[in-house]
Amino acid sequence: MFKIVFLWTDVVMWLLMAALGAYVWRIRTQAHLRARWKRVFMAGSTMSAAVVLGVLLAVAVADSFHFRRALPQQAGEARAYSPRVESVLDLLLAHQIKTREESYSAPLAYLGFVKQTLQRPAGASAPVAEAGPPKRDFPRLKFAGADLKDPKRQWRGDLSSRLTTGQIWGGGVAIAMWLLGAVAVGRHSGGWRNGLDRLINNETELPWRAALATASTLAVLVAIGVSLADGYHLFGTDRTGNDVLYQTLKSLRTAFVIASLSQLITLPVAVVMGVMAGYFGGWVDRTIEYVYTTISSVPDILLIAAAMLMVQVWLDSHSEVFETGLERADVKIFLLCVIVGVTSWAGLCRLLRAETLKLRELEFVQAARAFGVGPVRIMARHIAPNLFHLVLITSVLGFSSLILMEAVLSYVGIGVDPSMNSFGNMINAARGEMSREPAIWWPFAAAFVFMVGMVLAANLFADGVREAFDPRGLSWRAKRKPAKPAEAPAAVAQPEGSS
């Protein structure tokens, strides 16, 4: 038995997934949208970025379904639930949660990183009673490499065996994906062999070769990671012995929540203010311009810091409102997204105002006004749809900026709650660890690699969206080989005079 926990950010994430599904359905039913999004995915880099973002988003969604387990119940007692809130991702990473060490350990190590006073050398087979005096040495980890009887001799061989196993499983999944792609491409054009040839030579309508190559690479990496993480800590452990891989994967949800929810709050304010300022002009334009100029004159960090300090005071004085610590941390990140969204609309508002000033003078708007159509209807039916490409481009481009903003805010101590996993909290915790000797580099490296990979994929996808939706953008695309036309049979020459 379990009790479903509805966090505010969970509800937002699932609503965003529902909205994304509805928009995909709309794209399938409207030809002009299909053609426009087809242009987005004409570049191999955009397809690869979409695959990476899709995998990361799947991890974030799996971490957005929370529940609490039921505690053992005695006869006549009311049902009680555990104070620990878990997610579907926690079930998938149960091994990493259970294999908690005592302190630091390097990636794929079987010994601790900090020396301790031991009664006998690490790995010795002699009983404690026969061992010599205490000695300072690196302790043997409880779980990493626990099945090795002689780790000094067996460790390299065990890593090689697990690496080979992961490569075999990942290669098998990659081959299966290529065969399925070949069947899908060649079902109407000569069978799977012809489809595989078209995929390899990049002769498909969309660059599916890039998508399959990226998916195959991810499959091999994931399979190797699963094989190694089953017996070791892939990215090592932190100061309290927690697995760094677990923290890194949990941080993906935090990045998606802040980037998406902040944009969701920014867009309505920016669109309404920008369209009103550009369409009405006069005192409305001057008032809105004064507001966003004032907001832009104050650094965002100062506004967010002042607001978050007030939020922190309220949370500390109303701690009885929350049943678990995760619910309290979730409210804090939700309010952080609201604050970031409210303070980040000025740039988009200025852009939409300038575009609306141009649109209101065009013939179709003047005709609607001459026929007596009201201002609200004109703005909603004639102006706002023509601003969609600007809103979409700005939103996608701002996604990566908000991910980096979360890292900066958490680094300076005004971001998400310290109990919640995030890239910023990981980097902030590694600040002191990097300065020690020897340096504890793996928490920072794991957070940096995943965050940079996520931002790079978002930027590549944003470039594809900008080039497809911006009519003034450069339409640069990589040249790909066109599909081979079917060769017509050669005509047989007829002798002269033959009938």
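Conventions adopted
Residues numbered from 1 in each chain as written. Predicted model: local features only at pLDDT ≥ 70, side-chain atom pairs only at ≥ 80, totals over all residues. Heavy atoms only, no water. Helix = DSSP H or I, 4+ residues; strand = E, 2+ residues; numbered from the N terminus. Buried < 20%, exposed > 50% of the residue type's maximum accessible area, 1.4 Å probe, protein only. Contact = heavy atoms within 4.5 Å. Areas by Shrake-Rupley, 256 points an atom, 1.4 Å probe, with all protein chains shown as cover. Lys, Arg positive; Asp, Glu negative; His and termini not counted. Charge placed at Lys NZ, Arg CZ, Asp CG, Glu CD. 1 Å grid on protein atoms, 1.4 Å probe; cavity = no way out; pocket = protein on both sides within 12 Å on 5 of 7 lines; lining within 4 Å. Points joined across faces, edges and corners; volume = space filled by probe spheres on them. Salt bridge = Lys/Arg side-chain N within 4 Å of Asp/Glu carboxyl O. Axes fitted to C-alpha atoms, helices over the stretch in contact; angles between N-to-C directions. Parallel < 35°, antiparallel > 145°, perpendicular 65-115°, else oblique. Left-handed = near helix turned anticlockwise from the far one by under 90°. Nonpolar A, V, L, I, M, F, W, Y, C, P; charged D, E, K, R; others polar. Pairing = 2+ DSSP bridges.

With that settled, consider the overall build of the chain. Check the secondary structure of the chain and you find 18 helices and 5 strands. Each principal axis of the C-alpha distribution contributes one length, and for the chain these read about 100 × 90 × 55 Å. Here the chain holds 499 residues, and the buried ones make up 42% of them. A sequence separation of at least 24 residues applies to 72% of the contacts in the chain between residues at least 6 apart. Of the roughly 27,400 Å² of accessible surface on the chain, 65% is carried by carbon and sulfur atoms. On the chain, the mean spot of the 50 positive side-chain charges and the mean spot of the 38 negative ones are 4 Å from each other.

Before going further, it helps to examine empty space enclosed by the protein. Remark: the empty space left among the atoms is shown by a probe the size of a water molecule rolled over them. Tallying each qualifying case throughout the model produces 1 cavity of 30 Å³ or more. In this model, the largest cavity occupies a volume close to 30 Å³. Around the largest cavity, the lining residues are His95, Thr99, Phe143, Ala144, Ala229, Gly231, Tyr232 and His233.

The subject of this paragraph is the layout of surface pockets. Quantified by volume, the largest pocket comes out at close to 1,900 Å³. Taken together, 41 residues line the largest pocket, and the ones lying closest to its centre are Leu20, Tyr23, Trp37, Leu392 and Phe461. Taken together, the elements giving at least two residues each to the lining of the largest pocket come down to α1 (8-29), α2 (31-40), α3 (44-62), α8 (208-229), α9 (244-280), α16 (388-411) and α18 (442-469). Counting residues per element, the lining of the largest pocket draws most heavily on α1, at 10 residues.

Positive phi is not limited to glycine here, since Leu108 has a value of about 60 degrees. Mapped onto the secondary structure, Leu108 falls in the loop between α5 (94-98) and β4 (116-118). Of note, the phi angle at Asn202 is positive, near 55 degrees, even though the residue is not glycine. Tracing the chain through its elements places Asn202 in the loop between α7 (191-200) and α8. The class of Asn202 is buried, set by a relative accessible area of 9%.

We now examine the pattern of salt bridges. Opposite charge on two side chains makes pairing possible when the charged atoms of those side chains draw close. On inspection of all chains with the given rule, the structure shows 17 salt bridges. Among the salt bridges present, the one from Lys142 reaches Glu102, with a minimum N-O distance of 3.7 Å. Placement of Lys142 in the loop between β5 (135-137) and α6 (151-186) and of Glu102 in the loop between α5 and β4 is noted, with a sequence separation of 40 residues between them. Neither Lys142 nor Glu102 differs from the other in exposure class; each is exposed.

Glancing now at the packing of helix α14 (residues 363-370) against helix α15 (residues 375-383). The contact between α14 and α15 brings their axes to 11 Å, and the two run at 150 degrees. With respect to each other, α14 and α15 are oriented roughly antiparallel. Of the two possible hands of crossing, α14 and α15 adopt the one that is right-handed. For the pair α14 and α15, the contacting residues are Phe364, Val365, Ala368 and Arg369 in the first and Ile378, His382 and Ile383 in the second. In the contact of α14 with α15, the residues fall into 5 nonpolar, 1 polar and 1 charged.

What follows covers the sheet that holds strand β2 (residues 66-70). Read across the open sheet, the 3 strands follow the order β1-β2-β3; overall the sheet is antiparallel. Edge positions in the sheet fall to β1 (2-5) and β3 (81-87), since each has one partner strand and no second. For this sheet the average axis-to-axis angle between neighbouring strands, irrespective of direction, equals 30 degrees. Strand direction decides the pairing type here: β1 and β2, joined by 4 bridges, are antiparallel. For Ile4, the partnering residue across the bridge sits in β2 and is Phe67.

Turning our attention to the side chain of Asn425. Along the chain, Asn425 falls in helix α17 (residues 423-433). When near neighbours in sequence (up to four residues on either side) are disregarded, Asn425 contacts Ser410, Val416, Asp417, Pro418 and Met420.

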